[in-house]
Amino acid sequence: MISRRVILKRGGFALVSLGFAPSFLARTAMAATPGRARRLIAIFQRGAVDGLSVVVPYGEADYYRVRPTIAVPRPAGGDQAALDLDGFFGLHPRLSPLKPFWDRHDLAIVHACGSPAATRSHFDAQDYMESGTPGVKRTADGWLNRYLQVRATERVAAGPAAAVQAVALSAQLPRLLQGRAPALAVRDLGQFGVRGPAAGGFESEYAQAADRVLNGVGRDAFDAMKTLRLADPRHYRPENGVRYPRSPFGRALQQIAQLCKAEVGLEIAFAEIGGWDTHVNQGTTQGSLATRLTDFGQSLAALVTDLGERMTDTVVLTMSEFGRAVAENGNRGTDHGHGNAMLLIGGGVKGGRVYGRWPGLAAHQRYDGRDLAITTDFRDVFAEVVVKHLGLRSAAAVFPGYAVDPTRFPGLF
Amino acid sequence: MTSRTTAAWTAAIVLSSAPGAGLAIPPGQVWPVSTRQAEAAAGRQDRRTVLHVLNRVTFGPRGRDVDAVDRIGLAAYIERQLHPERIADPGLDQRLTGLPTLEMTPGDIVRRFARPLFDARRAGAGPRSSQDGDGPRPVGPALVRAAALPVDELSQQKVLRAIYSERQLEAVLTDFWFNHFNVDARKGLDRFFLNEYERAAIRPHVLGRFRDLLGATAKSPAMLFYLDNWLSTDPNGPHGSAGRGRLSSREARRRRFVDRRSSDGRLDRGAGVTPQKRGLNENYARELMELHTLGVDGGYTQADITEVARAFTGWTIDRPRQGGAAFHFDPRRHDPGDKVVLGHPIPGGARNGARDGEAVLDLLARHPATARAIAGKLARRFVSDEPPLALIDRLAARFRETDGDLREVMRTLLSSSEFLSPDVMRVKTKTPLEFVVSAIRAVDGEVTDARPLVRQISDLGMPLYQCQPPTGYGDTADAWANAGALVARINVAQTIARGGARSGLRRAASLDRNAIGPLSESTAGIVGRATTEWQRVALTLGAPEFQKR
C-alpha cells in the first residue's frame with residue numbers, strides 16, 4: 001500500500017528534466033521496508049507544567065492542606081474532579097481525552113521525575129533537559145541529536161538516513177535536536193520550500209556544486225522539500241474521525257501525523273507548547289492551567305487516534321523542565337519546583353501504571369522542604385526509550401557523564 | 001531584460017570548470033573587471049587575493065572595497081583595518097543615532113526598562129507571601145516590549161555595523177570575541193546588561209591586550225550573571241550556608257523562605273531581600289579555563305576549578321535589580337584562605353581580596369595553553385576549519401612574546417602565507433550573520449529597517465545574542481551546513497533580491513559584480529539563463545559559491 005502510494009505520487013514531479021535520479025525515492029522505499037526504525041515524538045511543555053495538577057496525588061492529605069484554592073478535587077465522578085487512575089493518583093479532568101489510552105494500557109506515567117541539578121531557572125533547566133547533561137552547560141548538542149549520531153554509525157550497512165529523519169515543528173531547531181546529525185526545523189509544512197521561478201535554478205546549482213558538503217546538503221534540502229510535499233499538507237484528512245484543535249500545538253501535531261503517514265523515513269519528531277508558568281491564578285478544573293491542558297490533551301489524543309495502528313511503533317513522550325512547588329503561593333498560583341510527571345503513550349509501553357517511587361508530600365519528604373522530590377532521573381526514562389524503544393545497543397554515548405544502567409530503568413517497556 | 005544585458009552578464013562571469021575544486025581557476029578565466037588585472041597579477045595583489053582578504057577581514061566585499069584596495073594596495077588596507085581608531089566612521093554613527101539604548105549603562109537600562117516591569121508585576125500581583133516565587137507576573141504588553149528594546153536595538157546595531165562600518169575588522173573581531181565570551185540575552189537580567197558588555201567589555205579590546213579583554217569580561221555584570229559568579233560565596237563565611245549558625249534567628253528564619261536558586265534573577269521580593277548566595281558556584285571558574293583561556297585540554301583539574309572558584313568568591317554585582325548593576329567586590333562573601341591554581345600558590349589574607357581573582361586572570365592570560373587555544377581559534381575563524389599547525393605555532397609564539405597583544409597576533413595572521421594561500425580561499429562556510437550581511441554588502445543595499453534582517457538571521461538558525469551554551473556559536477562548516485538552513489538561505493537570497501519592506505531594503509537589489517567572486521561554469525550558466533535581474537541576483541546570492549567566504 002505504502003509504496004504504491006509513493007509511486008503514484010511520483011508522477012507529480014517533474015524531475016526527469018533535471019536529469020538525475022531522485023535519491024529521496026530510494027530512501028523512501030528503504031524506509032518503508034519492514035524492520036524500519038521506530039519513531040519517537042517528543043513534546044516539550046515549556047515553562048514548567050504543574051505535574052501535581054496533571055497527575056494528581058489525591059491520596060495525599062498534604063496535597064489538599066497546602067493547596068487550599070487550587071487543588072484538583074478527589075475523584076467524585078463528573079468533570080469537576082480528578083479522574084481516578086489507580087486509587088491514589090488521578091488525571092486532571094481536562095485531560096479526559098487521554099483517559100481511554102490509560103484504560104487500554106497505552107499510557108504510562110513517570111512521576112517525581114526530573115533533573116538532579118538543583119536549578120529552578122527555566123533557562124538552565126530546559127538547557128539541561130535538552131542537552132541531557134544536567135549541571136554541564138557547555139554540551140554542544142542535544143541528546144536526541146546524539147541519539148541520531150549514534151544511530152547513524154549503527155546504520156552504515158542499511159544506507160543513508162532519510163532527508164527528513166528528524167523534524168521539529170518549530171521556528172528554530174530546539175536544543176534537543178541541535179548537533180551534527182541532520183535535523184530539520186519546519187514551522188509549517190505548507191510553507192517549507194523554495195518558491196518562485198528560480199527554484200529549479202537553485203536545485204540545479206546545488207546538484208552541480210563542486211563543494212561536496214554543499215552538494216550533499218543541497219540534495220538533502222531538495223529531497224526534503226519533495227518529501228514534505230508528498231505529505232500533501234494542504235489536503236490532509238485525519239483518520240478515525242479525528243479533529244485536531246485549531247491551536248498552534250494542534251496544528252503541529254497534525255503535521256507530525258501527516259509526516260508519519262507519508263512514510264518518508266521520519267524517526268524523530270518534536271513539538272512544543274508553552275504557557276505553563278502559572279504563578280498567578282492557576283485555577284483548578286477551570287482556569288488558566290485547565291485551558292492549557294485542554295489544548296494539550298485534545299491535541300495529543302487527536303494525534304494518537306489519528307495515527308491509529310501506527311502507534312505500535314511510535315512513542316509519544318512529554319517533558320517539562322521542572323515541576324512546581326507543592327504549596328500554592330499567595331497569588332493562587334505555584335512557584336518553580338523540582339520533580340514532575342512525564343507521559344509516555346504507545347509503542348509497546350506498559351501503560352496503565354504510574355512509574356517511579358512516590359516520595360510523599362509531607363514537609364520532611366519534600367526537596368528543600370518545599371518541592372516534590374525526584375526519585376527518577378530523567379535520563380533513566382530517556383535512556384530506556386532510546387534503548388528499549390528506539391533500539392540503540394547502548395545509550396552511553398547519548399548521555400555522556402552518566403553511567404547509564406538498565407537496572408535503573410523504570411521498566412516502561 | 002534585453003539579450004545584450006544578459007550577454008554582458010554572462011561575459012562577466014568567471015568560468016571555472018575544475019572538477020572538485022570550486023576555486024581552482026584554470027587559465028583563460030574571465031574576470032568581471034580586468035583593467036587592472038595585468039598589473040595586479042604581477043604581485044600578490046590579484047583580484048582573487050583581494051576578494052579573499054576582503055572576505056575574511058570584512059563581512060564581505062563591496063564593489064567599492066575592491067576599488068579601494070586596488071588604489072591603496074592590500075598591505076596598506078590591512079594595516080588600516082588593524083587601527084580602527086584611525087578610521088572615521090560617520091556613516092555608521094549616523095545610522096545608529098536612532099538607537100539610544102546603545103550608549104546606556106546597565107543601571108540606566110534597569111531603571112528605565114526593567115524597574116517599571118518589576119514594579120508592575122508586584123503591583124499587579126497583590127500581596128505576596130513568603131512562599132512567593134520568581135516567575136513573571138502578568139503585566140501590560142507595552143512594558144514587556146519596552147524591556148525587550150535594549151536587545152532589539154543591540155541586534156539592529158550589530159547588523160548595521162557589520163554592513164556599514166568602515167572599521168570592518170573591528171566589527172568582525174567584535175563578533176568573534178563576543179562569541180568567545182558568549183552571554184545569552186535570554187538568561188534573566190542579562191538582556192539589560194549586554195549593551196554595555198559589547199560596548200565596553202568587548203569592542204575596545206579586540207585589538208588590544210588579551211588580559212584586558214579577559215579582565216573586562218570577568219568584571220562585567222553580563223558575565224557575572226550569565227555564569228552565576230555573582231552568587232558564588234564562601235560557604236564558611238558570614239553569608240555562606242555553613243555560616244548560618246552565626247545568623248540572628250530572625251535572619252535564619254527569613255532565609256529558610258528564600259528561594260535557593262534564583263540564578264535566572266527573576267526573584268523580586270520586597271526591599272532588602274537579596275537572592276540567596278550561600279555556597280561556592282564553580283560555573284564561571286570552569287568555563288573561564290575551558291572556554292575563555294586554557295582550552296579543554298589545557299591541563300587543569302577539578303581541584304583547579306574549585307580553587308579558581310574560591311578565588312572569585314565575592315566578585316558580584318551591586319544591586320542588579322535596583323539599578324546599581326555594576327561590578328562590586330564583596331569582601332564578606334570572599335574566601336580569604338590560601339589557594340593553589342595550576343601549581344601556583346595564591347596566598348590568602350590579601351588586604352584586597354579581589355586581588356585573588358586578578359592573580360588568577362594574570363596566570364591564565366599568560367599560560368602557554370591559552371596562547372595556543374586563542375591562536376587556534378583565530379586561525380579557524382580567519383583561515384580554515386582545520387588550520388595548519390605551523391601557523392598556530394607562530395601565532396601562539398607571537399601571542400606569548402607580545403604578552404597577548406591581539407593586534408600583533410592579527411598582524412602576523414593576516415600577513416602569513418597560510419592566510420594568503422589559494423588553498424584556503426573560499427573554504428569557510430558563512431555563518432547566517434555573515435551570509436546575510438555579505439549579501440547586503442554585495443548588492444550595496446540601502447537598509448531602511450534592520451529588523452527584518454535580524455529576523456532573517458534568526459530564521460537561519462543564529463538568533464543574535466541568543467546562543468544558549470557558553471561555547472558560543474560554532475565556527476566550522478558542520479555547524480551551519482544543513483538542509484533546513486539551506487532552504488532558508490535560498491529564500492533569504494530571494495527576499496533580498498526582491499527588496500522592499502520584507503527585506504528591510506529600500507529597493508530591489510542589483511548586484512555589484514565587482515564584489516562577487518568567481519562562479520562555476522554551471523552556476524554561471526544558470527544565472528545567465530535567468531530572465532529577470534532579480535532572479536539573477538537571487539541565483540547568485542543563493543548559489544553554493546556565495547555560501548562560502
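Conventions used here
Residues numbered from 1 in each chain as written. Chains lettered and ligands numbered in written order. Predicted model: local features only at pLDDT ≥ 70, side-chain atom pairs only at ≥ 80, totals over all residues. Heavy atoms only, no water. Helix = DSSP H or I, 4+ residues; strand = E, 2+ residues; numbered from the N terminus. Contact = heavy atoms within 4.5 Å. Buried area = accessible area lost by both parts, 1.4 Å probe. Salt bridge = Lys/Arg side-chain N within 4 Å of Asp/Glu carboxyl O. Polar contact = N/O pair within 3.5 Å; in protein donor to acceptor, adjacent residues only side chain to side chain. Nonpolar A, V, L, I, M, F, W, Y, C, P; charged D, E, K, R; others polar. pLDDT = per-residue confidence, 0-100. Axes fitted to C-alpha atoms, helices over the stretch in contact; angles between N-to-C directions. Parallel < 35°, antiparallel > 145°, perpendicular 65-115°, else oblique. Left-handed = near helix turned anticlockwise from the far one by under 90°. Buried < 20%, exposed > 50% of the residue type's maximum accessible area, 1.4 Å probe, protein only. 1 Å grid on protein atoms, 1.4 Å probe; cavity = no way out; pocket = protein on both sides within 12 Å on 5 of 7 lines; lining within 4 Å. Points joined across faces, edges and corners; volume = space filled by probe spheres on them. Pairing = 2+ DSSP bridges. Phe/Tyr/Trp six-rings, centres within 6.5 Å; stacked < 30°, edge-to-face > 60°.

### So, the environment of Ala224 of chain A
Here's step 1: Secondary-structure assignment places Ala224 of chain A in helix H9 (residues 212-230).
Here's step 2: Along the backbone, Ala224 of chain A and Val387 of chain A are 163 residues apart, and their C-alpha atoms lie at a distance of 27 Å.

### Considering the interface of chain A and chain B
Here's step 1: Each partner contributes to the interface: chain A provides 51 residues, whereas chain B provides 62 residues.
Here's step 2: Taken over both partners, the interface formed by chain A and chain B buries close to 4500 Å², and the fraction arising from carbon and sulfur atoms is 58%.
Here's step 3: Of all residues in chain A, the largest losses of buried area upon contact with chain B belong to Phe123, Arg138 and Glu205 of chain A, amounting jointly to 17% of the total for that side.
Here's step 4: For the interface between chain A and chain B, the tally reads five salt bridges.
Here's step 5: The shortest N-O distance in the salt bridge between Lys187 of chain B and Asp124 of chain A comes to 3.3 Å.
Here's step 6: Counting across the interface, chain A meets chain B through nine residue pairs in polar contact (both at pLDDT 80 or more).
Here's step 7: Counting residues per element, the ones that place at least two in the side of chain A that touches chain B are helix H6 (122-131), helix H8 (199-207) and H9 of chain A.
Here's step 8: Of the residues forming the side of chain A that touches chain B, the biggest block, eight residues, is contributed by H9 of chain A.
Here's step 9: Looking at side-chain class alone, the side of chain A that touches chain B contains 20 nonpolar, 15 polar and 16 charged residues.

### Topic: the confidence of the model for chain A
Here's step 1: When the pLDDT values of chain A are averaged, the result is 88; 90% of them are 70 or greater.
Here's step 2: Scored below 50 in pLDDT, residues 1-35 of chain A makes 41 contacts in the model with residues more than four places away or belonging to other chains.

### So, the packing of helix H9 (residues 168-180) of chain B against helix H17 (residues 368-382) of chain B
All names here are of chain B.
Here's step 1: In contact at an axis separation of 12 Å, H9 and H17 are set at 125° when each is read in the N-to-C sense. By the criterion of interaxial angle, the relationship of H9 to H17 is oblique. The two elements H9 and H17 cross, and the hand of that crossing is right-handed. In this structure, H9 contributes Leu169, Val172, Leu173, Asp175, Phe176, Trp177 and His180 to the contact, and H17 contributes Ile374, Lys377, Leu378, Arg381 and Phe382.

### Describing unusual backbone geometry
Here's step 1: Backbone geometry at His105 of chain A places phi at a positive 65°, although glycine is not the residue there.
Here's step 2: Summarising the element assignment, His105 of chain A is placed in the loop between helix H5 (99-103) and strand S5 (107-114).
Here's step 3: Overall, the relative accessible area of 49% leaves His105 of chain A in the partly exposed class.
Here's step 4: Positioned with a positive phi, Leu342 of chain B is a non-glycine residue whose angle comes to about 50°.

### Quick word on empty space enclosed by the protein
Residue and element names in this part refer to chain B.
Here's step 1: Within the structure shown, the criterion is met by eleven cavities of 30 Å³ or more.
Here's step 2: Here the largest cavity defines a volume of roughly 120 Å³.
Here's step 3: If you trace the largest cavity, you find 14 residues lining it, with Asn55, Lys430, Ala515, Gly517 and Phe546 closest to the centre.
Here's step 4: Residue classes in the lining of the largest cavity are distributed as six nonpolar, four polar and four charged.

### So, the pattern of salt bridges
Here's step 1: For the structure shown, the criterion picks out 71 salt bridges over all chains.
Here's step 2: Among the ionic pairs, Arg408 of chain A bridges to Asp380 of chain A, the shortest N-O distance being 3.5 Å. On the criterion of sequence distance, the pair formed by Arg408 of chain A in the segment after helix H12 (378-389) and Asp380 of chain A in helix H12 is long-range, its members being 28 residues apart.
Here's step 3: For Arg408 of chain A, a relative accessible area of 38% gives the class partly exposed.
Here's step 4: Salt bridges here are not isolated pairs; linked through shared partners, they connect Glu79, Arg398, Glu401, Glu408 and Arg411 of chain B.

### Here's the deal with the pairing of S5 of chain A
Residues and elements named next belong to chain A.
Here's step 1: Most of S5 is tucked away: eight of the eight residues are buried.
Here's step 2: Bridge count for S5 against strand S10 (residues 340-345) is five bridges, and the pairing is antiparallel. Paired with Val110 across the bridge in S10 is Met342.
Here's step 3: Note that S5 and strand S11 (residues 353-355) share three bridges and pair parallel. Among the inter-strand pairings, Ile109 is bridged to a residue of S11, identified as Val354.
Here's step 4: Two strands pair when backbone bridges link them, and S5 and strand S12 (residues 376-377) are joined in this way by two bridges, in the parallel orientation. Paired with Gly114 across the two strands is Asp377, which belongs to S12.

### Regarding the packing of aromatic side chains
Aromatic ring pairs are defined here through the distance separating the ring centres and the angle between the ring planes.
Residue and element names in this part refer to chain A.
Here's step 1: According to the stated counting rule, one finds 24 aromatic pairs over all chains in the structure shown.
Here's step 2: A centroid spacing of 6.1 Å and a plane angle of 70° characterise the contact between Phe88 and Trp358, whose relative ring orientation is edge-to-face. Here Trp358 lies in the loop between S11 and S12 and Phe88 lies in the loop between strand S3 (83-84) and strand S4 (90-91), a separation of 270 residues in the sequence.
Here's step 3: Under the relative-accessibility criterion, Phe88 is labelled partly exposed at 25%.
Here's step 4: Considering the side-chain rings of Phe249 and Phe296, the 5.9 Å spacing of their centres and the 20° angle between planes classify their relative orientation as stacked. With Phe249 in helix H10 (residues 248-261) and Phe296 in helix H11 (residues 288-307), the pair connects residues that are 47 residues apart, well separated along the chain.

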